[in-house]
Amino acid sequence: MKEITVNDINKAVKGIQDKWYSILPPNEIEFRKPGRIRDPIHGYHKLLEIDFALLDIPPLQRLRYISQLGFVNKIYPGANHTRFEHSIGVAAVAERIMNALREKHQKMEPRIKIKRDDIWTVKIAGYVHDIGHLPFSHGSEKIFEVLGIGKKISKEFNLGDDYKPHELFSYLMTKTEYIKEVLKKVSDKCELNLDAERVAETILGRLKGEKRYLSDIIHSHTDADRIDYLLRDGYYTGVPHGHVDIEHLARSFCVVKQNRSIWLGIEERGLEAVEALYSSRDVMYPTVYFHHTNRIAEAMLTRTLYYAHRDEKMDILELLGLNDAELIARINEIGYEEVVNKLLYRRLHKRIFVIRPRDIEYKGERVDKLLSKNDSEAMDLAGEINDFFSSWDQLMKFEEEIISDSNINELNEGGLLIDIPSNFITLPKTEADLIPEDYLPVRLRQGGTEYIWKLSPIIVGIETRSKYLRSNVIVATDCSIKGSNLDKIRKAFKEKIESMFQIKLLPSAFFKRNL
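Turning next to unusual backbone geometry. In this model, Glu191 sits at a positive phi of 55 degrees, which is unusual for a non-glycine residue. Structurally, the position occupied by Glu191 is in the loop between helix H9 (177-190) and helix H10 (196-203). In this structure, Lys363 takes a positive phi of about 55 degrees despite not being glycine. One can find Lys363 in the loop between strand S6 (360-362) and strand S7 (365-366).

Right, let's get into the sheet that holds S6. If you trace the three strands from one edge of the open sheet to the other, you get S7-S6-S12, paired in antiparallel fashion. Looking at strand neighbours, the two that pair on one side only are S7 and strand S12 (504-505), the edges of this open sheet. Sheet topology places S6 next to S12; two bridges connect them, and they run antiparallel. Counterpart to Glu361 in the pairing with S12 is Lys504.

Bringing helix H7 (residues 149-156) into the picture now. Every buried residue belonging to H7 is among Ile149, Gly150, Ile153 and Ser154, and all of these are buried. Buried residues of H7, seen end-on, are gathered within an arc of 135 degrees and therefore sit on one face of the element. Facing away from the buried side of H7, by more than 90 degrees, are the exposed residues Lys151, Lys155 and Glu156. Close packing links the buried residues of H7 with helix H1 (6-23), helix H6 (142-146) and helix H8 (165-174). Asn158, located one to two residues past H7, shows a positive phi value of around 55 degrees.

As a packed pair, helix H19 (residues 376-390) and helix H22 (residues 484-501) sit with axes 11 Å apart at the nearest point and diverge in direction by 125 degrees. As summarised for this structure, H19 and H22 are arranged oblique, according to the angle between their axes. Counted together, Leu381, Glu384, Ile385, Phe388 and Phe389 of H19 and Ile497, Met500 and Phe501 of H22 form the full contact between these two elements. Across the contact of H19 with H22, the residue classes tally to seven nonpolar, no polar and one charged.

Sheet architecture is open: three strands sit in the order S5-S11-S8, paired in antiparallel fashion. Where the open sheet ends on each side, the last strands, each with one partner, are strand S5 (350-355) and strand S8 (416-419). Across the sheet, the mean angle from the axis of one strand to that of its neighbour is 20 degrees, orientation sign disregarded. In this structure, S5 lies alongside strand S11 (residues 473-477), joined through five bridges in antiparallel fashion. Note on S11: the bridge partner recorded for Lys350 is Thr477. Here helix H15 (residues 292-310) sits on the sheet and contacts S5, S8 and S11; the angle it forms with S8, its principal contact strand, is near 115 degrees.

Turning next to the side chain of Asp324. As for its position among the elements, Asp324 is in helix H16 (residues 324-333). Buried and without a salt bridge, Asp324 has Arg62 as its closest oppositely charged side chain, separated by 7.1 Å. Engagement of the side chain of Asp324 in a polar contact is seen with the side chain of Ser67, the distance being 2.8 Å. In this structure, Asp324 is in contact with Tyr65, Ile66, Ser67, Pro135 and Phe136, ignoring residues within four places of it in sequence.

To continue, consider the pairing of strand S1 (residues 35-39). Pairing of S1 with strand S2 (residues 43-47) involves five bridges; the strand directions are antiparallel. The residue bridging Arg36 from the neighbouring strand is Lys46, located in S2.

A separate point is the nonpolar core. In this structure, Ile149, Tyr213, Ile227, Ile316, Ile355 and Phe493 are the most contacted members of the largest nonpolar core, which totals 177 residues. Ignoring any residue separated from it by four or fewer positions in sequence, one finds Ile316 in contact with Ile4, Ile143, Phe144, Leu147, Ile149, Leu305 and His309.

All right, on to helix H20 (residues 392-406) then. Taking 1.5 Å per residue as the helical rise, H20 with its 15 residues ought to reach 21 Å, and the 21 Å between its terminal C-alpha atoms agrees with that figure. Among the residues making up H20, those that are buried are Trp392, Leu395, Met396, Phe398, Glu399, Ile402, Ile403 and Ser406. End-on view of H20: buried residues confined to an arc of 160 degrees, all on one side of the axis. Across H20 from its buried face, at more than 90 degrees, point the exposed residues Asp393, Lys397 and Ser404.

Residue position: Glu247 is located in helix H13 (residues 246-252). Accessibility expressed as a relative area gives 37% for Glu247, which makes it partly exposed. For the pair Glu247 and Ile97, spaced 150 residues apart in sequence, the C-alpha separation works out to 9.7 Å. A polar contact of 2.8 Å, which involves the side chain of Glu247, links it to the side chain of Arg251.

Side chains that differ in sign of charge can pair as their charged atoms come close. Counting across every chain of the model gives 38 salt bridges. Across the pair Asp18 and Lys14 runs a salt bridge whose closest N-O atoms are separated by 3.4 Å. Here Asp18 and its partner Lys14 are both found in helix H1, four residues apart, which amounts to about one turn of the helix. A relative accessible area of 37% means that Asp18 is categorised as partly exposed. For Lys14, a relative accessible area of 48% translates into the label partly exposed. Notably, a salt bridge pairs Arg310 with Asp311, separated by 2.9 Å at the nearest N-O pair. Taking the relative accessible area as the measure of exposure, Asp311 reaches 38% and is therefore partly exposed.

Within the structure shown, the criterion is met by 19 aromatic pairs. Put simply, the rings of Phe353, Phe388, Phe389, Phe398, Phe493, Phe501 and Phe510 pair up and form one aromatic cluster. Lying over the aromatic face of Phe84, Arg64 brings its terminal NZ or CZ to 4.1 Å of the ring centre. The positively charged end of Arg212 is found above the aromatic ring belonging to Trp263, 3.7 Å away from the centroid.

At a minimum axis distance of 7 Å, the contact between H16 and helix H17 (residues 337-344) shows a crossing angle of 145 degrees. Each of Ile328, Ile331 and Asn332 in H16 lies in contact with H17, whose residues at this interface are Glu337, Val340 and Leu344. Considering only residue class, the contact of H16 with H17 consists of four nonpolar, one polar and one charged.

Each value, and the rule that gives it
Residues numbered from 1 in each chain as written. Predicted model: local features only at pLDDT ≥ 70, side-chain atom pairs only at ≥ 80, totals over all residues. Heavy atoms only, no water. Helix = DSSP H or I, 4+ residues; strand = E, 2+ residues; numbered from the N terminus. Pairing = 2+ DSSP bridges. Buried < 20%, exposed > 50% of the residue type's maximum accessible area, 1.4 Å probe, protein only. Arc of directions from axis to C-beta. Contact = heavy atoms within 4.5 Å. Axes fitted to C-alpha atoms, helices over the stretch in contact; angles between N-to-C directions. Parallel < 35°, antiparallel > 145°, perpendicular 65-115°, else oblique. Nonpolar A, V, L, I, M, F, W, Y, C, P; charged D, E, K, R; others polar. Lys, Arg positive; Asp, Glu negative; His and termini not counted. Salt bridge = Lys/Arg side-chain N within 4 Å of Asp/Glu carboxyl O. Polar contact = N/O pair within 3.5 Å; in protein donor to acceptor, adjacent residues only side chain to side chain. Core = buried A, V, L, I, M, F, W, Y, C linked by side-chain atoms within 4.5 Å. Expected span 1.5 Å × (residues − 1). Phe/Tyr/Trp six-rings, centres within 6.5 Å; stacked < 30°, edge-to-face > 60°. Lys NZ or Arg CZ within 6 Å of the ring centre and 35° of its normal.

In structure tokens form, the structure reads like this:
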């Protein structure tokens, strides 16, 4: 299988940049008169000539055809919104926060001078923060993690390991000559001093010192991105849990001087609004983002892309320039018509197992109970299982062996999938595991500051237990497999995993699907 290098990635980004130049050269960008657009989430957005000029460039226009929630519309039919309107929303929320900060800190310490360049840097970062998203958004991102592409970019640019592939692609694309030329033209026209490198650093939350708060607005636990996607995704899915009091939040944000930097913070009166933001996200993840149907569809697409790359039918870096429809057409073109039809017409794989840590018995006792007692052998077991399934090659081989052991003619490569989160078996975090710098500092009424998680049992509970409680493995098979053949697969899977790790799957792990 061909290994993807940083040089390959740079060539792919340059190829995409060349396409942008052919569609709209920066010197042909038009500055239309100011106007308004209506957003169902935030109401009317007043847009200036600079906004229209930026929204017209190809990397942003492509986002009109990248679905915000990938395959979630297979569960919630209204979830057909795109990354384009989300990016407009993020820019609008970011500008709103910046304006509130500018007004507040003309009178409140620390006194900071927020320039037009600062406001537009943050707003433009909001516009372009998702230009690196792949078709179906997170739906096709897993293959880049499997191939280690994100880690290679992070290592090349010394960025650390905290970023998702799409964030890194957005960073690289924002640093291209095309975006630099666009921002130069905008700067000259509107008497600004915009810098593409600074915008790229803002996207990844990497600004430090007195301008740190700018990147906190775009990339942090309580940023404009999260505020908009919770509101927008809740609205379009019809799930009422994604409510955020944006008005109160915007008015409660402040800046705090600490550790030689100026951070985005929150006044103590805004604590409940931030707790609501965390609570909304905590509910939206299992209800929407990690819904089993969405996970299965994403896993089906990931395997198809993996096979296409493995068999050299497709250069996986093509995805950087494709939209949803173009990817479907490309997969169909290279011989995966059956998968295309299953994804398009909702003939998705169906669950046969849903395994949580409490569904596994080890030495006569449930694994979750053993872990809660800090049992050393149970911890070793958890590490062994997590390490085994963290290897994509081992997971693929394991799936192939189950298919072979089942001895079912209709069950072909990709006909069974195991979707397993990283560190599936884990202990809940404790307060000691939380990194203070990851959380908003709170300006206290009586003076001084404190990290928000030290003031909020709600946030501590969410941050320490939510991933632990959500963690489960889905084992699914082709929807055409029924009756006694399902029993064969269940038997093959159960026998293999039990013998490998000396465990027992409890009856609660068996998922009886409707036939």
